[in-house]
Amino acid sequence: MNRKQEGIKMNAHIGTKSVWAGEKEFRVFGGTQVPVIMSVAYDYQDVDEWYDVALGLKPGYTYNRMSNPTVKAFEEKIRMLEGAEAAIAFSSGMAAISASLHTFLKPGDRVVSVKDTYGGTNKIFTEFLPRMHVQSVLCNTEDYAELEAEIAKGCQVVYLESPTNPTLKITDIERLAKAAKAVGALVMVDNTFATPINQNPLKLGADLVIHSATKYLSGHADAMGGVVCGAAGLMEKVYHYREINGAALDPWAAYLIIRGIKTLHLRVRQQTQSAMAIARYLQQQPLIEAVNYPGLETHPHHDVAKRQMNGYGGILSVVLKGGMEAIKLMLHKLQYANRAGNLGAVETIYGPARTTSHVECTLEERQALGISEGLLRISVGIEDTEDLIADLAQALAHVEANLPVSTHNK
Ligand SMILES: *Cc1c(COP(=O)(O)O)cnc(C)c1O
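Residues numbered from 1 in each chain as written. Predicted model: local features only at pLDDT ≥ 70, side-chain atom pairs only at ≥ 80, totals over all residues. Heavy atoms only, no water.

Participant: What is the right way to read the nonpolar core from this model?
Facilitator: The nonpolar side chains of soluble globular proteins are, as a tendency, buried together. Counting 37 residues, the largest nonpolar core has Leu282, Leu316, Val318, Met330 and Tyr350 as its most contacted members. At the level of secondary structure, the elements contributing two or more residues to this core comprise helix H12 (264-283), strand E8 (288-292), helix H13 (302-308), strand E9 (315-320), helix H14 (323-333), strand E12 (375-379) and helix H16 (385-402). For this core, the leading source of residues is H12, giving six residues. With 32 residues, the next largest nonpolar core counts Ala84, Ala89, Leu217 and Ala223 among its residues. (Core = buried A, V, L, I, M, F, W, Y, C linked by side-chain atoms within 4.5 Å. Buried < 20%, exposed > 50% of the residue type's maximum accessible area, 1.4 Å probe, protein only. Helix = DSSP H or I, 4+ residues; strand = E, 2+ residues; numbered from the N terminus.)

Quick look at the structure:
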């Protein structure tokens, strides 16, 4: 463990930690930045030293699938931001999610989750876990009676995601963690949307907190990664799964993610502020049928969000009257927009659920999840709020002028 950084862990606020946490131990030659160590293996003074390092009796590195200094610096940083004992990095968010589930589930086990998890996660539950005879019970995200009844029947893992993608539903993590504890189940929370700036699931009773580092942590849409944080004993098991199954994070990606995290608090605060303003603006627009944003008082779980989050995040989704036709007209006209499948970057990103989070699902599956074809996810960037609203205004005017009247009030 990184003793030099204990002071930062104990005293500093989260923005200071974003900048400083986990770095000093890994610097070399007086450089002020963590270096990218592009070496798959390591050299030793003698065989005795090698042996000690390999057995973990001495600090050091053996092989990059096991550990790498740059990757370790990233793990230290996110560990401190989430207030965890340990963190293990992966090559992608899905690798982190799949490794977490496979580490703790075996044939005959039961996992309780919600229907609204990320599309890829949903596929693990419906396609891959059943193959190894793990029963996945996916409850209606807002139905606590169902969730608590299924948890009480006995399960090994309760898997949550809040806010959900792309519907922005909020789950009361503390409440379900209590239900999980009562049956001895581990609680895993995908914290990708909230980031450690806006939510700390470990404080709410979760055992494992998972991030797609590809999104807000990296923040610049140029690196893929994932990470799992939790108690040291649990992370040892996750580490063992990774060292054998192999979804290790590349050192270069780890460096980019470290660099991204240094501005995480600034980006997320700006994005959260803009998302709130955009949500309020869109609520007033006649072409918008619904706005999903947990910061709005009209959001069905606003009270829970207010209690468990420090901010409501940079993502909202809207349902456009006129469905996919309206989305096509609007996306074509937006100026400050990437029409892309990712989220959490410095640029504003627009994506219909049909082509992003739920591209793996059929139309019927999306309908069953309540995901309308007019649902558009907006990942708000760090641009000036006024410019983003003006851009939306001109794009909506274009839709209004060009949408066939017959589809207007659909
Ligand atoms: C993107 C995303 C994932 C998957 O992460 P990858 O890095 O793309 O593998 C998981 N959960 C959520 C909420 C996401 O947005």
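Participant: Please clarify how the packing of aromatic side chains should be interpreted in this entry.
Facilitator: Given two aromatic rings, their pairing is described by the distance between the two centres and the angle made by the two planes. Under the defined criterion, the tally for this structure stands at four aromatic pairs. Measuring from centroid to centroid gives 5.5 Å for tyrosine 44 and tryptophan 50, while their planes differ by 15°, and the two rings are stacked. Ring centres of phenylalanine 125 and tyrosine 159 lie 5.5 Å apart, and the angle between their planes is 75°; this geometry places the pair in the edge-to-face category. Note that phenylalanine 125 is positioned in helix H6 (residues 119-131) and tyrosine 159 in strand E4 (residues 157-161), a separation of 34 residues in sequence. With respect to burial, phenylalanine 125 and tyrosine 159 carry one shared label: buried. (Phe/Tyr/Trp six-rings, centres within 6.5 Å; stacked < 30°, edge-to-face > 60°.)

Participant: Can you walk me through the pairing of E4 in this structure?
Facilitator: Look at any regular strand and the pattern is simple: side chains alternate between the two faces of the sheet. Where burial is concerned, most of E4 is hidden: five out of the five residues are buried. In E4, alternate side chains face the same way, and those of Val157, Tyr159 and Glu161 on one face and Val158 and Leu160 on the other are all buried. Direction of pairing for strand E2 (residues 110-114) relative to E4: parallel, over a ladder of three bridges. If you follow valine 111 over to E4, its bridge partner there is valine 157. Judged from the five bridges that link them, E4 and strand E5 (residues 186-190) form a sheet pairing that is parallel. (Pairing = 2+ DSSP bridges.)

Participant: Hey, could you run me through the site of the ligand in this one?
Facilitator: The ligand sits among 16 residues. The nearest are Met94, Asp190, Ser212, Thr214 and Lys215. The contact in question runs from an oxygen atom of the ligand to an N or O atom on the side chain of threonine 214, over 2.7 Å. Lysine 215 places a polar side-chain atom, nitrogen or oxygen, 2.8 Å from an oxygen atom of the ligand. If the ligand stood free it would expose 380 Å²; the protein chains cover 94% of that surface. Looking at the shell around the ligand, the element that brings in the most residues is helix H5 (residues 93-104), giving three residues. Each residue belonging to the shell around the ligand can be placed in one class, and the counts come to six nonpolar, seven polar and three charged. (Near = heavy atom within 4 Å. Polar contact = N/O pair within 3.5 Å; in protein donor to acceptor, adjacent residues only side chain to side chain. Areas by Shrake-Rupley, 256 points an atom, 1.4 Å probe, with all protein chains shown as cover. Nonpolar A, V, L, I, M, F, W, Y, C, P; charged D, E, K, R; others polar.)

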